[in-house]
Amino acid sequence: GSLASAVDRTYGAVLSWPRPSLEVVDLESPGAEVDELANDSAGFAACIRVRDSDYLRWHWLEDPRTPWRIRAVWGDAGVLRGIAVSGARGEGRDREGVIADLLARDAEALRALVSDAWALLTEDGCHRVRCAYRDPRPWARITMLRSGFRRAGAGGPGVACGPLSPRAGEVVSRLESWYLTTGDADI
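Residues numbered from 1 in each chain as written. Predicted model: local features only at pLDDT ≥ 70, side-chain atom pairs only at ≥ 80, totals over all residues. Heavy atoms only, no water.

### Things to note about the packing of aromatic side chains
Selection criterion: Each aromatic pair joins two rings of Phe, Tyr and Trp (for Trp, the six-membered one) with centres within 6.5 Å, and gets the label stacked for planes under 30 degrees apart, edge-to-face for over 60, and tilted for any other angle. Under the scheme used here, helices are H or I runs from DSSP no shorter than 4 residues and strands are E runs no shorter than 2 residues, and both carry numbers assigned from the N terminus. Burial here depends on accessible area, computed with a 1.4 Å probe over protein chains only, as a share of the maximum for the residue type. Under 20% is buried, over 50% is exposed, and the range in between is partly exposed. Lysine and arginine charges are scored as sitting over a ring when NZ or CZ, respectively, is within 6 Å of the ring centre and within 35 degrees of the ring normal.
Taken as a whole and assessed by the stated rule, the structure comprises three aromatic pairs. Both rings, one in Tyr-55 and one in Trp-58, keep their centres 6.3 Å apart while their planes meet at 50°; by these two values the pair is tilted. Of the two residues, Tyr-55 and Trp-58 are both situated in helix H3 (residues 53–61); the distance of three residues between them amounts to about one turn of the helix. On the basis of relative accessibility, which here comes to 8%, the residue Tyr-55 falls in the buried class. With a relative accessible area of 56%, Trp-58 lands in the exposed category. With 4.8 Å between their ring centres and 75° between their planes, Trp-60 and Trp-68 make a pair best called edge-to-face. For the pair Trp-60 and Trp-68, a shared accessibility class is recorded, and that class is buried. In this structure, Arg-137 is placed above the aromatic ring of Phe-44, and the distance from its NZ or CZ to the ring centre is 4.1 Å.

Here it is in structure tokens:
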């Protein structure tokens, strides 16, 4: 376990060099800027959960089981470029970091957010960092690889999608239409 953890950390450090230059800061109180990012996310994917300020407070900040941390990248004129929600579970060798939710406008913000989360979680004693993330934008997969994350393989979470109503159309039946994170299911 310790050897595998060391190999994973080395792999991540090599691939994510140089570290992203964007500043990532704590987002203490999600507000209108998160709502704007969530509203704009409808353009990121045809099928996406609304990750607005109410959702972040309810799903993450008010979770009594895990102390989640929301970090943010800001852009010009106070525009929120992205958010990441992360936390740690377990103790000792079983301590695992989770990047539970992500929403970023661009590859540079995504890379800064996941690199920051990885660094904070490993500093917190996590031996692994897990991130379930499905983003239909073509740059997302490359950005995650460039940030030191590897695909979990065929043993990853299963996803089934389909319309609950004929009005939904065929788009919901195609996995490539979906934007998904750990926060979209109880994995």
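And the narrative resumes.
### Section: unusual backbone geometry
Backbone geometry at Ala-77 places phi at a positive 60°, although glycine is not the residue there. Mapped onto the secondary structure, Ala-77 falls in the loop between strand E3 (69–74) and strand E4 (80–89).

### Quick look at the nonpolar core
To be explicit about the condition: Here, nonpolar core means buried Ala, Val, Leu, Ile, Met, Phe, Trp, Tyr and Cys residues that are tied together by side-chain atoms lying within 4.5 Å of each other. Should any heavy atoms of two residues lie within 4.5 Å, those residues are considered in contact.
With 41 residues, the main nonpolar core has Leu-56, Ile-83, Ile-99, Leu-102, Tyr-133 and Phe-149 as its most contacted residues. Secondary-structure elements contributing two or more residues to this core are helix H2 (32–40), H3, E3, E4, strand E5 (96–104), helix H4 (107–123) and helix H5 (138–146). In terms of residue count, H4 provides more of this core than any other element does, eight residues in total. Sequence-distant contacts of Ile-83, defined by excluding residues within four places in its chain, comprise Leu-27, Leu-37, Leu-56, Ile-70, Arg-71, Ala-72, Asp-101, Leu-102, Leu-103 and Leu-113.

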